[in-house]
Protein chains: 2
Amino acid sequence: MSRKIRIGIAGYGNLGRGVEYAIAECSDMDLIGVFTRRNPSDVKVVNEDIPVYAFDELKDFQNKIDVLILCGGSKNDLPIQGPALSSMFNTVDSYDTHAKIPSYFEAVDASAKPNGKTAIISVGWDPGLFSINRLFGETVLPNGETYTFWGKGLSQGHSDAVRRIDGVKGAVQYTIPVPDAVDRVRSGSQPELTTREKHTRDCYVVLEEGADSKAVEHAIVTMPDYFVDYDTKVSFISEEELKNTHSAMPHGGFVIRSGKTGEGNAQVIEYSLTLESNPEFTSSVLVAYARAAYKMNEKGDVGAKTVFDVAPGLLSPKTAAELRKELL
Amino acid sequence: MSRKIRIGIAGYGNLGRGVEYAIAECSDMDLIGVFTRRNPSDVKVVNEDIPVYAFDELKDFQNKIDVLILCGGSKNDLPIQGPALSSMFNTVDSYDTHAKIPSYFEAVDASAKPNGKTAIISVGWDPGLFSINRLFGETVLPNGETYTFWGKGLSQGHSDAVRRIDGVKGAVQYTIPVPDAVDRVRSGSQPELTTREKHTRDCYVVLEEGADSKAVEHAIVTMPDYFVDYDTKVSFISEEELKNTHSAMPHGGFVIRSGKTGEGNAQVIEYSLTLESNPEFTSSVLVAYARAAYKMNEKGDVGAKTVFDVAPGLLSPKTAAELRKELL
């Protein structure tokens, strides 16, 4: 039995806490510490035995941590931290700004590769497990169409967009797949679907005192990119209701590949997630890929990687022979 | 643009024909020929321009074929052909006798590795894509249970078992998941399910003239391993009905991982296939993995492999940069 994989957590919000929980389920891993930009004594981790350090102390842990899991946000944290930390550590992150992934990959690769580190970027479920299923779909059934549906789930980005509107005190936004559209795709008929036909959006909004509900609703439903192309429902609720009824973070969705083979036989592949906690699930995926990052680095496979570069067997604590015997 | 991948098909039944169709959808592949143990002039391929050769001629094609797709059966063909042909060619096969996979792997590895060939065994959907999803399920959600359901679909092995009974002229058997069991698993409740609770079996049987239907039905429903642990329905039909209504080969099924994270949040991953043609789908998976076998061999990654050893990106004709931009 080889020694345990030593993990560090960089950033401790919902994602970092989820990683702490997920590592506790893995008998082949040790959590060395949590690193925070806040005052370490202000950070309450789940297991009080886990030490909390200041971010600046990370440089002293290069020989004490095998893989550092980056739990910061894609907007402000990872564009800096990914390239900076992958020069010192093997890393895994959940960078999810789809349009900027190619440039983020290049920046991390330029940092990790010359330093002999392995950095797996954009890990989670989308990007991540959904991406893998889009890839399997189009390679196995090249004559076909891929459909991705999200929800029912709370969208952080869209909730934030509503919160930025003048007069909004608090808000959450749920993305909901249109059942009829999902059924048509599942049937194998390969429909052409507009943005509006695929998803609806439900907003629950708490107004500032004296705010104009009509103006807020108008600002939401006409917002470019976020809402104008969708059928959006806006409900005004109390702060208490927001807290009591809308503080969970469910999410999920489907990737469906509908294709034809031979003389026209319909073949449908569906991958779906139903998640009571979106951040905890993403964290669980990060931890599995941390194991892969460690194994790839041991084999000398360095530089930036994505889920497309990781053989599934590397995710498991089991040996290749055990996997063939038990799971194939 | 590099040259096309040159493919050979060894064995031309339903699977071989499906491979021929699947290669026609791949612009990066050329089908060099079909190899048969029958008289080549008796084999009618879909595209008449594809040459058909005798199996014995394979030895002359070692420099003309990049990957040979083995389309024989697991019972009698592959145990001989897999080790024999993987000494001369990169190969992909659909060996599916789960219990014997470890020894088959060793035999193929001993043949492929010293000869510098790459041989991916047990490719298809189960073993294959379902195996990958069982692996992802238990690595991402270690605290949970995995459930595999098959069907509704025609089971070749069970149909054959019925056909071997005295007095049976023809038969098909459908495996059907029990809807209530599937619903309970999807709910995240992690039920314990017996064999009988998970699947039912429907048999459609044509009797020989004068055969005793009661005796045949008794022989079916009490058959060890195949039927005794299931609720089995037997219907007697005419030879004409068997031919007209039961000659398609639909199949499919589900792999569901139901797990908990954090303080008990339920997380459910479901992978499902709905296939109008089981052999054509398996063929399509084989062709995608033939591309991976070619790329792995080019990189010097030789010996026997399974789907657990293949990074998803290797399945695609696209470059890693294209995949990051388009699919991640």
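All of these numbers come straight from a predicted model, not from anything done at the bench.

### Digging into the packing of aromatic side chains
Residue and element names in this part refer to chain B.
Right, so step 1: Considering all chains together, one arrives at 17 aromatic pairs over all chains under this definition.
Right, so step 2: Aromatic side chains Phe130 and Tyr271 sit 6.1 Å apart centroid to centroid with 80° between the ring planes, which places their arrangement in the edge-to-face category. Placement of Phe130 in helix 4 (residues 129-140) and of Tyr271 in strand 13 (residues 265-275) is noted, with a sequence separation of 141 residues between them. Taken individually, Phe130 and Tyr271 each receive the classification buried, so the pair is uniform in this respect.

### Regarding the packing of helix 10 (residues 278-298) of chain A against helix 4 of chain B
Right, so step 1: Relative to each other, helix 10 of chain A and helix 4 of chain B sit at 105°, their axes nearing to 9 Å. The pairing of helix 10 of chain A with helix 4 of chain B is recorded here as roughly perpendicular in orientation. Facing Phe281(A), Ser284(A), Val285(A), Ala288(A) and Tyr289(A) of helix 10 of chain A, the residues of helix 4 of chain B in contact are Phe136(B), Thr139(B) and Val140(B).
Right, so step 2: Looking at the contact of helix 10 of chain A with helix 4 of chain B, its residues break down into six nonpolar, two polar and no charged.

### Concerning helix 3 (residues 101-112) of chain B
Right, so step 1: Between its first and last C-alpha, helix 3 of chain B extends 16 Å over 12 residues, near the 16 Å set by a 1.5 Å rise per residue.
Right, so step 2: Looking at helix 3 of chain B, one finds that the buried residues are Ile101(B), Tyr104(B), Phe105(B), Val108(B), Asp109(B), Ser111(B) and Ala112(B). Along the axis of helix 3 of chain B, the buried positions cluster into a sector of 165°, meaning they face one direction only.
Right, so step 3: Elements that come into contact with the buried residues of helix 3 of chain B comprise helix 11 (320-326) of chain A together with helix 2 (78-85), strand 5 (90-93), strand 6 (118-120) and strand 14 (303-305) of chain B.

### What to know about the relation of the copies chain B and chain A
One copy of the chain maps onto the second through a rotation about an axis and a displacement along it.
Right, so step 1: You can overlay chain B on chain A at an RMSD of 0.1 Å; the transform is a turn of 180° with a shift of 0.0 Å along its axis. This pairing of chains is accounted for by a two-fold axis. The rotation axis passes nearest to the C-alpha of Ala311(B) in chain B, at a distance of 1.9 Å.
Right, so step 2: A share of 100% of interface residues in chain B that are also interface residues in chain A marks the association as one of identical surfaces.

### Quick notes on the pattern of salt bridges
Right, so step 1: Using the criterion set out here, one finds 28 salt bridges over all chains in the structure.
Right, so step 2: The residue Arg37(A) makes a salt bridge to Asp77(A) at a minimum N-O spacing of 2.9 Å. On the criterion of sequence distance, the pair formed by Arg37(A) in the loop between strand 2 (29-36) and strand 3 (52-54) and Asp77(A) in the loop between strand 4 (67-70) and helix 2 (78-85) is long-range, its members being 40 residues apart.
Right, so step 3: For Arg37(A), a relative accessible area of 60% gives the class exposed.
Right, so step 4: Taking the shortest distance from any N to any O, the salt bridge between Lys233(B) and Asp202(B) comes out at 3.9 Å. Note that Lys233(B) is positioned in strand 11 (residues 231-236) and Asp202(B) in strand 10 (residues 199-207), a separation of 31 residues in sequence.
Right, so step 5: Residue class for Asp202(B) comes out buried when judged on its relative accessible area of 13%.
Right, so step 6: One continuous salt-bridge network, built from bridges that share partners, spans Arg3(A), Arg6(A) and Asp66(A).

### Observations regarding the packing of helix 2 of chain A against helix 3 (residues 101-112) of chain A
Residue and element names in this part refer to chain A.
Right, so step 1: Helix 3 packs onto helix 2 with a crossing angle of 25° between their chain directions and a minimal axis gap of 7 Å. Judged by the inter-axis angle, helix 2 sits roughly parallel to helix 3. Note on element contacts: helix 3 touches helix 2 through Tyr104, Ala107, Val108 and Ser111, opposite Leu78, Pro79, Gly82 and Pro83.
Right, so step 2: Of the residues that constitute the contact of helix 2 with helix 3, the class distribution is six nonpolar, two polar and no charged.

### Focus on the pairing of strand 13 (residues 265-275) of chain A
Within a regular strand, the side chains alternate between the two sheet faces.
Right, so step 1: Taken across its 11 residues, strand 13 of chain A has nine buried, putting it largely inside the fold.
Right, so step 2: As paired elements, strand 12 (residues 251-261) of chain A and strand 13 of chain A share 11 bridges and run antiparallel to each other. Its bridge partner being in strand 13 of chain A, Arg257(A) is matched across the sheet by Ile269(A).
Right, so step 3: The hairpin turn running from strand 12 of chain A into strand 13 of chain A, its antiparallel successor, is three residues long, and Gly262(A) in that turn takes a positive phi close to 60°.
Right, so step 4: Of the pairings in the sheet, the one linking strand 13 of chain A to strand 13 of chain B comprises nine bridges and is antiparallel in character. Residue pairing in the sheet places Leu273(A) in a bridge with Ile269(B) of strand 13 of chain B.

### A look at the pairing of strand 9 (residues 168-177) of chain B
Residue and element names in this part refer to chain B.
Right, so step 1: Taking burial as the measure, the 10 residues of strand 9 include eight buried ones, the bulk of the element.
Right, so step 2: Pairing analysis gives two bridges linking strand 8 (residues 153-154) to strand 9, with the strands arranged antiparallel. Within strand 9, the position partnered with Leu154 by the bridge is Tyr174.
Right, so step 3: Examined bridge by bridge, strand 9 and strand 10 share nine bridges and lie antiparallel to one another. Paired with Val172 across the strands is Tyr204, a residue of strand 10.

### A short note on the UniProt feature "domain: Meso-diaminopimelate D-dehydrogenase C-terminal" (unreviewed entry) in chain A
Right, so step 1: Taken from the UniProt record, the annotation "domain: Meso-diaminopimelate D-dehydrogenase C-terminal" (unreviewed entry) applies to residues 124-277 of chain A.
Right, so step 2: Secondary structure over residues 124-277 of chain A splits into 31% helix and 36% strand, and the C-alpha atoms at its two ends are 13 Å apart.

### Re the sheet that holds strand 11 (residues 231-236) of chain A
Two modes of strand pairing occur in sheets, parallel and antiparallel, and in both the strands are linked by backbone hydrogen bonds.
Residues and elements named next belong to chain A.
Right, so step 1: An order of 8-9-10-11 is seen for the four strands of this open sheet, with the pairing classed as mixed. Each edge of the open sheet carries a strand with a single partner, namely strand 8 (153-154) and strand 11.
Right, so step 2: Contacts from helix 5 (residues 156-163) reach strand 8, strand 9 (168-177) and strand 10 (199-207), with the element oriented near 145° to strand 9.

### Considerations on the interface of chain B and chain A
Right, so step 1: Between chain B and chain A, the residue contacts involve 64 residues of the former and 64 residues of the latter.
Right, so step 2: In total, chain B and chain A occlude about 5,600 Å² of area from one another, counting both sides; carbon and sulfur atoms represent 62% of this.
Right, so step 3: Summed over the shared surface of chain B and chain A, the result is two salt bridges.
Right, so step 4: Among the ionic pairs, Lys318(B) bridges to Glu138(A), the shortest N-O distance being 2.9 Å.
Right, so step 5: Viewed at the interface, chain A and chain B are joined by 28 residue pairs in polar contact (both at pLDDT 80 or more).

Reading guide: rules and limits
- Numbers given to residues run from 1 along each chain, matching the order in which its sequence is written.
- Chain letters start at A and ligand numbers start at 1, both assigned in the order the entries are written.
- With pLDDT at 70 or above as the cut-off, local features in this predicted model cover only qualifying residues; side-chain atom pairs require 80 or more to be listed or tallied, and sums for whole chains, interfaces and linings still use all residues.
- Side-chain measures here rest on the full set of heavy atoms in the structure, leaving out hydrogens and waters.
- Pairing of aromatic side chains here covers Phe, Tyr and the six-membered ring of Trp, requires ring centres within 6.5 Å, and sorts the geometry by plane angle: under 30 degrees stacked, over 60 edge-to-face, intermediate tilted.
- Strands are runs of DSSP state E lasting at least 2 residues, helices are runs of H or I lasting at least 4, and numbering of each runs from the N terminus.
- Think of it in three bands: residues with accessible area under 20% of the maximum for their type are buried, residues over 50% are exposed, and the middle band is partly exposed, with areas taken using a 1.4 Å probe on protein chains only.
- To define axes, lines are fitted to C-alpha atoms, for helices over the stretch in contact only, and angles between the resulting N-to-C directions are given on a 0 to 180 degree scale.
- Orientation labels follow simple angle bins: below 35 degrees gives roughly parallel, above 145 gives roughly antiparallel, 65 to 115 gives roughly perpendicular, and whatever is left gives oblique.
- Any two residues whose heavy atoms approach within 4.5 Å are treated as being in contact.
- The classification used treats Ala, Val, Leu, Ile, Met, Phe, Trp, Tyr, Cys and Pro as nonpolar, Asp, Glu, Lys and Arg as charged, and all other residues, Gly among them, as polar.
- Expected span, for any helix, means 1.5 Å times one less than how many residues it has.
- Directions pointing from the helix axis toward each C-beta atom define the arc.
- The least-squares superposition of copies is restricted to C-alpha atoms, and to residues with a pLDDT of at least 70 in both copies.
- Note on definitions: salt bridges are taken to be side-chain nitrogens of Lys or Arg within 4 Å of carboxyl oxygens of Asp or Glu.
- Paired strands, as defined in this entry, are two strands with at least two bridges between them according to DSSP.
- UniProt positions are given in the numbering used here, feature names are shortened, and annotations may be inferred rather than shown by experiment.
- Two parts placed together each lose some accessible area under a 1.4 Å probe, and the buried area is that loss summed for both.
- Polar contact is the term for a pair of N or O atoms within 3.5 Å; when the atoms are in protein, one must be able to donate a hydrogen and the other to accept it, and sequence-neighboring residues count only if both atoms are side-chain atoms.

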